[in-house]
Amino acid sequence: MLQTDVLIIGAGAAGLMCAATAAARGRRVLVLDHANKAGKKILMSGGGRCNFTNLYCEPANFLSGNPHFCKSALARFTQWDFIGLVAKHGVPYHEKKLGQLFCDNKSSDILDLLLAECAEAGVEIRLNTAVQRIEKREGGFLLHSDLGEVACQSLVIATGGLSIPTLGATGFGYQVARQFGHELLPTRAGLVPFTITEPQLKALCTELSGTSVEDCRVSCNGQSFVENILFTHRGLSGPAILQISSYWQPGDTLHIDLLPHIDLPEWLASQQRERGNSELKTLLAELFTKKMAALLADSWFSNKPLKQYTPGELRTIAERLSDWQLVPAGTEGYRTAEVTLGGVNTDEVSSKTLESLKVPGLYFIGEVLDVTGHLGGFNFQWAWASGYAAAQYV
Ligand SMILES: Cc1cc2nc3c(=O)[nH]c(=O)nc-3n(C[C@H](O)[C@H](O)[C@H](O)COP(=O)(O)OP(=O)(O)OC[C@H]3O[C@@H](n4cnc5c(N)ncnc54)[C@H](O)[C@@H]3O)c2cc1C
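Quantities reported herein were computed from a predicted structural model and do not represent experimental measurements. Per chain, residues are indexed from 1 in the order of the written sequence. Whole-chain, interface and lining totals are the exception, using all residues; otherwise, since this is a predicted model, local features are given only for residues with pLDDT of at least 70 and side-chain atom pairs are given and counted only at 80 or more. Working from all heavy atoms in the structure, the side-chain values ignore hydrogens and water.

What to know about the side chain of Arg27
Item 1. Secondary-structure assignment places Arg27 in the loop between helix H1 (13-24) and strand S2 (29-32).
Item 2. Residues adjacent in sequence count toward polar contacts only when both atoms are side-chain atoms; beyond that, a polar contact is any pair of N or O atoms within 3.5 Å, and within protein one must be able to donate a hydrogen and the other to accept it. Side-chain polar atoms of Arg27 contact the side chain of Gln153, separated by 2.9 Å. Helix and strand labels come from DSSP, where a helix needs a run of H or I of at least four residues and a strand needs a run of E of at least two; each type is numbered from the N terminus.

Next up, the structure:
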């Protein structure tokens, strides 16, 4: 039978960070993963350039049933600590925008960094290894796995969420949590595009598929994000849409201000005074693409020369462009979602050690917990910080 001090299930962002840090403390660490490669999500992340952290990371960037839970770990391993690690390995990076740090080259730079830290500290990683059963034993756990029986003192669940099953995501971590009496908060896809089925709206999205509108304000349930939106064949995507999707529940109305930086009533009134003979679509083409301007002017506002619109009609144009209201049919779901909201209830886990408050020696880190970051490098920062925090105690 194999014996180890610390057994980590999941060789993803949180698992590898925890493994390297615990092994550097002198613990014997074994990492198991059922996939044929470690860190598949890291490789796919940030469009291939891994948005590995955010300069402005704060607890307010995370959703959780308990918004205080993430504070302790985030304070003990900050974005600056991870940037220090990136610098130590000579990985070139840049800020794209809004504090988002990306690799200059490839996401594999981040995975290589983690694997190098693991190798240096003596971590053993076994891939293509599934775990069939876990038993609690005196002073630890006994696992039945493809490697046979493995005994460990500390067991760390780092199996992530349900997003993108083709990258190895499973509900295994939730299953283990349930086995040991933990409560799970309902899971749903987050940072995910919306689908639209209402025929007129769907036709608009399809016509404009591929068109991006810069810096729209998208709001729902008291939250707002100003970022780009993107029309797709299925509905709406783009950073502002992905962000708000984490706050959206089925049936909720989205409010989209397509031109938050323009005082529209004032702009329309002055255009009517100065360029009354110009058609609405010609003027809107100065704010949107020509195709989008024509579609909006024709289908929403019966396009005509500006001087022919009544004051009431101009008000309607301003209102519709600054508060376009729509109810998405749903989201694209776990197939394309970047993250999973909900998960292991943080009320039953120590925010300091990430250890279960129900079962000594059992730890939960990363996305399997009910902690979900905004888009922009926050989810990896949570993986690094929670992995590092648990590693001090396993
Ligand atoms: C396409 C995409 C792009 C993203 N881009 C970014 C980005 O740029 N910046 C950012 O901050 N976040 C990004 N994210 C989110 C980020 O990848 C995750 O939040 C983060 O990887 C979570 O880390 P984790 O270690 O908890 O889980 P994961 O990294 O998902 O690791 C979980 C590991 O557990 C393994 N596993 C699962 N089930 C089992 C099982 N039954 N037995 C054994 N092993 C198992 C998996 O194979 C995997 O290796 C992106 C996500 C996706 C899907």
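Quick word on the packing of helix H11 (residues 290-301) against helix H12 (residues 311-322)
Item 1. The axes used here are C-alpha line fits, helices contributing only the stretch in contact, and every angle between their N-to-C directions lies in the interval 0 to 180 degrees. Where H11 meets H12, the axes come as close as 12 Å, and the angle between the chain directions of the two elements is 120°. Compared by their axis directions, H11 and H12 come out oblique. H11 and H12 meet at a crossing whose hand is right-handed. In this structure, H11 contributes Leu296, Trp300 and Phe301 to the contact, and H12 contributes Thr316, Ile317, Arg320 and Leu321.
Item 2. Side-chain classes follow a simple rule in which Ala, Val, Leu, Ile, Met, Phe, Trp, Tyr, Cys and Pro form the nonpolar group, Asp, Glu, Lys and Arg form the charged group, and the remainder, Gly included, forms the polar group. Broken down by class, the residue content of the contact of H11 with H12 amounts to 5 nonpolar, 1 polar and 1 charged. An angle below 35 degrees is treated as roughly parallel, one above 145 as roughly antiparallel, one from 65 to 115 as roughly perpendicular, and anything else as oblique. Definitions for this section: a left-handed crossing has its near helix turned counterclockwise from the far helix by less than a right angle. A right-handed crossing has that turn clockwise. By the convention used here, residues are in contact when the closest approach between their heavy atoms is within 4.5 Å.

Notes on H12
Item 1. Here the expected span of a helix is defined as 1.5 Å times the quantity of residues minus one. With 12 residues, H12 ought to run about 16 Å at 1.5 Å a step, and its terminal C-alpha atoms sit 17 Å apart, in line with that.
Item 2. Restricting attention to buried positions, one finds in H12 the residues Leu314, Ile317, Ala318 and Leu321. Angular distribution of buried residues about the axis of H12 spans 95°; they occupy a single face of the element.
Item 3. Check the buried side of H12 and you find it contacts strand S16 (254-257), helix H9 (264-274), helix H10 (280-284) and H11. Per-residue accessibility, obtained with a 1.4 Å probe over protein chains only, is compared with the maximum for each type, and a residue is labelled buried under 20%, exposed over 50%, and partly exposed between these values. Each direction from the helix axis to a C-beta atom contributes to the arc, which is the arc of those directions.

Concerning unusual backbone geometry
Item 1. The backbone of Asn221 sits at a positive phi, close to 50°, despite the residue not being glycine.
Item 2. Relative to the assigned elements, Asn221 resides in the loop between strand S13 (212-220) and strand S14 (223-231).
Item 3. Its identity is not glycine, yet Leu354 carries a phi of approximately 65°, on the positive side.
Item 4. Relative to the elements of secondary structure, Leu354 occurs in the loop between strand S19 (339-344) and strand S20 (362-364).

Brief notes about the packing of H1 against helix H5 (residues 108-121)
Item 1. Running from amino to carboxyl end, H1 crosses H5 at an angle of 25°, the nearest separation of the two axes being 8 Å. If you check the angle between H1 and H5, you find them roughly parallel. For the pair H1 and H5, the sense of crossing is left-handed. Only Leu111, Leu114, Leu115, Glu117, Cys118 and Ala121 of H5 make contact with H1, whose side of the interface consists of Leu16, Met17, Ala19, Ala20, Ala23 and Ala24.
Item 2. Tallied by class, the residues present in the contact of H1 with H5 amount to 11 nonpolar, no polar and 1 charged.

Some points on the site of the ligand
Item 1. Looking at the ligand, there are 29 residues lining it, with Ala14, Asp33, Thr170, Glu367 and Phe380 nearest.
Item 2. Each accessible area value is a Shrake-Rupley result obtained with a 1.4 Å probe; residue values ignore everything except the protein chains displayed when judging cover. Here the ligand, which alone exposes 1,000 Å², has 94% of that area covered by the protein.
Item 3. Mapped onto the shell around the ligand, the elements with two or more residues apiece are H1 and helix H13 (378-391).
Item 4. In terms of residues, the shell around the ligand owes the most to one element, H13, which gives 4 residues.
Item 5. Looking at the shell around the ligand residue by residue, the classes come out as 12 nonpolar, 13 polar and 4 charged. One heavy atom within 4 Å of a molecule or strand is enough for the residue carrying it to be called near that molecule or strand.

Notes on the pairing of strand S10 (residues 148-157)
Item 1. When you tally the buried positions in S10, you get 7 out of 10 residues, the bulk of the element.
Item 2. In this description, strands pair whenever DSSP reports at least two bridges between them. By the bridge criterion, 7 bridges tie strand S1 (residues 2-9) to S10 in an arrangement that is parallel. When the sheet's bridge partners are listed, Thr4 is paired in S10 with Cys152.
Item 3. Examined bridge by bridge, strand S9 (residues 140-145) and S10 share 5 bridges and lie antiparallel to one another. Paired with Ser145 across the two strands is Gly148, which belongs to S10.
Item 4. The turn linking S9 back onto S10 is made up of 2 residues.

Section: the packing of aromatic side chains
Item 1. Aromatic contacts are taken between Phe, Tyr and Trp rings whose centres are within 6.5 Å, Trp giving its six-membered ring; a plane angle under 30 degrees counts as stacked, one over 60 as edge-to-face, and the others as tilted. A complete count under the given rule lists 13 aromatic pairs for this structure.
Item 2. Geometrically, the ring pair formed by Phe52 and Phe82 is tilted, given 5.8 Å between the ring centres and 45° between the ring planes. Of this pair, Phe52 sits in strand S3 (residues 51-54) while Phe82 sits in helix H4 (residues 79-88), and the two are 30 residues apart along the sequence. The pair Phe52 / Phe82 is uniform in exposure class, with both members buried.

Comments concerning the nonpolar core
Item 1. Residues grouped as a nonpolar core are buried Ala, Val, Leu, Ile, Met, Phe, Trp, Tyr and Cys residues, joined through side-chain atoms within 4.5 Å. Ile110, Ile134, Leu143, Leu155 and Trp384 are the most contacted members of the largest nonpolar core, which has 79 residues in total.
Item 2. Residues Ile196, Leu268, Leu283 and Phe288 belong to the second largest nonpolar core, which totals 46 residues.

Examining the domain arrangement of the protein chain
Item 1. Looking at the assigned domains, one finds that the protein chain contains domain 1 (2-189 + 337-391) and domain 2 (194-331).
Item 2. Annotation comment: domain bounds sourced from an automatic or database domain assignment. The centre of domain 1, based on its C-alpha atoms, is set 39 Å off from the matching centre of domain 2.
Item 3. With 9 residues of domain 1 at the interface, the matching set in domain 2 holds 12 residues.
Item 4. Counting the surface lost from both domain 1 and domain 2, the interface buries some 860 Å², and carbon and sulfur atoms represent 45% of this.
Item 5. Of all residues in domain 1, Arg188, His374 and Leu375 bury the most surface against domain 2, accounting for 52% of the area lost on that side. A 1.4 Å probe defines the accessible area here, and the buried area is the portion of it lost by two parts on being joined, summed over both.

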